[in-house]
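So the chains spell out like this:
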Amino acid sequence: MSNTILREIKHPLTEVYKQEQIPIAEKLSIDIALELLFRPDFDVLRLAIMPDTICKIQFAKTLFQAILVTDIASPDRVKLGVERYATAQDEQGEYDCRLCPLAPYLEDLYQGVGLGENVKKEFPDEFIITHAGLQKCVRNEHLMLISDISHLLQDWETFVKWNFRLFKEIKTSSRKGFCDDPVEGWAQGQIGFLNHYILPLAKRSQTFFYKEFGDALVANGEMNLKLWTQHGIEATSIMTAAVDNDEAEDDVLLQLYELPSRSLSALAA
């Protein structure tokens, strides 16, 4: 269930995360991870990650930055991420406080790693928005965002495998009455997602990678866009029939994998 669905059905988690701007799933992930990390079983690991207060602050900032930004269903959050990137690339950029993704979560940030509220007074430099700090934040965010949607920037087989699995999840959610049936608009929706979110993200992320790797991300995304434009309607039909008939995933994936080669064979014939 998406964050929107969780809010709409008044899931019990909405009582834990009452503020509308809090992305429930992402914040829950952070809380679970920190609860696990602070168990006695992980004392040695925790000490290696956070040997002192400065390291605790920096770890918490990195964690919150990396996870919160993956709430890409929020247009406002995505827009602010793009603005942060633009400002980070401009040496003369102005650091508007609203660009800071951590501002609404400072209390949670302190508590999550076992620090008191006075830490901001004791280490004020760690909470000042600087150009170097903004660049680090943007880099962390983009590395995580690329990881979050990495199947779209790999080969066709990887792309359609995870596309099918997402389709199945949303179909299941639809059958439970949580959302609309994804079939209508799925084919066109992937084209829009690739054009308006994935490829701009891949191009921005080239800043943080070696040229060969960054270029490959963009090239793979463009190839998947081209192939999906050609085969997306048929792929959606295959996936729909597979879910409706409870077909084995391996059989479905084989059909999806073969779509580009089948077209080439038809042209050759």
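From a predicted model like this one, the values you see are computed outputs, not experimental measurements.

## Overview of the packing of helix H11 (residues 186-205) against helix H12 (residues 211-244)
Here comes step 1: H12 packs onto H11 with a crossing angle of 165° between their chain directions and a minimal axis gap of 9 Å. On the basis of their axis angle, the class for H11 and H12 is roughly antiparallel. Every pair of crossing elements has a handedness; the one defined by H11 and H12 is right-handed. Taking contact as the criterion, the partners of Trp186, Ala187, Gln190, Ile191, Leu194, Asn195, Leu199, Ala202 and Lys203 in H11 are, on H12, Val218, Gly221, Glu222, Asn224, Leu225, Trp228, Thr229, Gly232, Ile233, Thr236 and Met239.
Here comes step 2: Here the contact of H11 with H12 is composed, by residue class, of 11 nonpolar, 7 polar and 2 charged.

## Quick word on the environment of Lys161
Here comes step 1: Among the structural elements, Lys161 can be located in helix H10 (residues 156-175).
Here comes step 2: The spatial distance from the C-alpha of Lys161 to the C-alpha of Ser174 is 20 Å, given a sequence separation of 13 residues.

## Some words on the packing of aromatic side chains
Any two aromatic rings considered together are summarised by their centre-to-centre distance and by the angle between their planes.
Here comes step 1: One pass over the structure, following the stated rule, counts 9 aromatic pairs.
Here comes step 2: On the basis of an interplanar angle of 80° and a centroid distance of 6.3 Å, the ring pair of Tyr85 and Phe208 is categorised as edge-to-face. With Tyr85 in helix H6 (residues 75-89) and Phe208 in the loop between H11 and H12, the pair connects residues that are 123 residues apart, well separated along the chain.
Here comes step 3: On the accessibility criterion, Tyr85 (14% relative accessible area) is buried.
Here comes step 4: Aromatic pair Tyr110 and Phe127: ring centres 6.0 Å apart, planes at 80°, arrangement edge-to-face.

Calculation rules
- Residues numbered from 1 in each chain as written.
- Predicted model: local features only at pLDDT ≥ 70, side-chain atom pairs only at ≥ 80, totals over all residues.
- Heavy atoms only, no water.
- Axes fitted to C-alpha atoms, helices over the stretch in contact; angles between N-to-C directions.
- Helix = DSSP H or I, 4+ residues; strand = E, 2+ residues; numbered from the N terminus.
- Parallel < 35°, antiparallel > 145°, perpendicular 65-115°, else oblique.
- Left-handed = near helix turned anticlockwise from the far one by under 90°.
- Contact = heavy atoms within 4.5 Å.
- Nonpolar A, V, L, I, M, F, W, Y, C, P; charged D, E, K, R; others polar.
- Phe/Tyr/Trp six-rings, centres within 6.5 Å; stacked < 30°, edge-to-face > 60°.
- Buried < 20%, exposed > 50% of the residue type's maximum accessible area, 1.4 Å probe, protein only.

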